[in-house]
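# Close look at the chain arrangement
Chain by chain, the residues run as shown.
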Amino acid sequence: MEQEADKDFNARVARRVGREVARAREGVGGRRMTAQALANRTAELGHPLDRSVIAKLEKGFRQSVTVADVLVLARALGVAPVSLLFPLDEPQVELAPGDIRSTWPALQWFGAEGPYPAPSGSEGEPQRWEPPPAIGLFRQHEDYVHQCLQAAARAADSRLQSTLSEGKERARLEAAADADAQLALSLRDMVKALRKTLRAVNHEPPPLPKAFGGLDENAN
């Protein structure tokens, strides 16, 4: 009986994905993408799904859909994989057989941005939750990189504006530029240290923008 329920759940997930594939295909880049064009694109990506498979999926006749299918279909359609699984225009989704939860908290849980969602309408304080340590480090890395680039851009802008100013205004802009330049340097050092921490726990840091050229030299 439990096995039958699992099969039904697989089919319901496949129907949900199929509906979103059809909707995404109808609106790709503001124009319709044919099922054949989508099939061709999945073949180009190395995971061919022929037109009949796509048609069955969209019409709800597929009994299951694989992670590989979802990833390739999302890439082919130019959408995020999560959008095929958690349509935000639907208030609730089924996360496990018979387990219906609100869509947005479900999406956050799937993306490691929140705990498993509480049942809709349940009372009580929100669950305490922290992201897995590795994900927390990667998000912190992204935040430091973003802040560093912003500080460097502000410093450059203030420096440019100072050349067009005189007296106290010029002094103020130069001081602001110096402060942001120093902040950018500090954040750059923080990025470097965090990348070293990631490598120490066997995680490869993400690629850096060109502005960080040379940061990883002699990192070990």
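Counting from 1, residues in each chain are numbered in the order their sequence is written. Only residues with pLDDT of 70 or above have their local features reported here, since the model is predicted, and side-chain atom pairs are shown and tallied only from 80 upward, although totals for entire chains, interfaces and linings are computed over all residues. To obtain the side-chain values, all non-hydrogen atoms of the structure were included, while hydrogens and water were left out.

## Topic: the pattern of salt bridges
The salt bridge criterion pairs a side-chain nitrogen of Lys or Arg with a carboxyl oxygen of Asp or Glu, the two atoms within 4 Å. Taken as a whole and judged by the stated rule, the model has 17 salt bridges. One salt bridge in this structure joins Arg-32 and Glu-26, with 3.1 Å as the shortest N-O distance. As a salt-bridge pair, Glu-204 and Arg-199 come within 3.8 Å of each other at their nearest N and O atoms. A relative accessible area of 25% means that Arg-199 is categorised as partly exposed. A single network of salt bridges, built from pairs that share partners, joins Arg-195, Arg-199, Glu-204 and Asp-216. Accessibility here uses a 1.4 Å probe with only protein chains present; expressed as a share of the type maximum, an area under 20% marks a residue as buried, one over 50% as exposed, and anything in between as partly exposed.

## A short note on the pairing of strand β2 (residues 99-102)
Two strands are counted as paired when DSSP detects at least two bridges linking them. Counting from the N terminus, the helices are DSSP H or I runs at least four residues long and the strands are E runs at least two residues long. In the sheet, strand β1 (residues 92-96) pairs with β2 via four bridges, with the strands oriented antiparallel. Paired with Glu-94 across the strands is Ile-100, a residue of β2. Here β1 folds back onto β2 in antiparallel fashion, the turn holding two residues, of which Gly-98 has a positive phi close to 80°.

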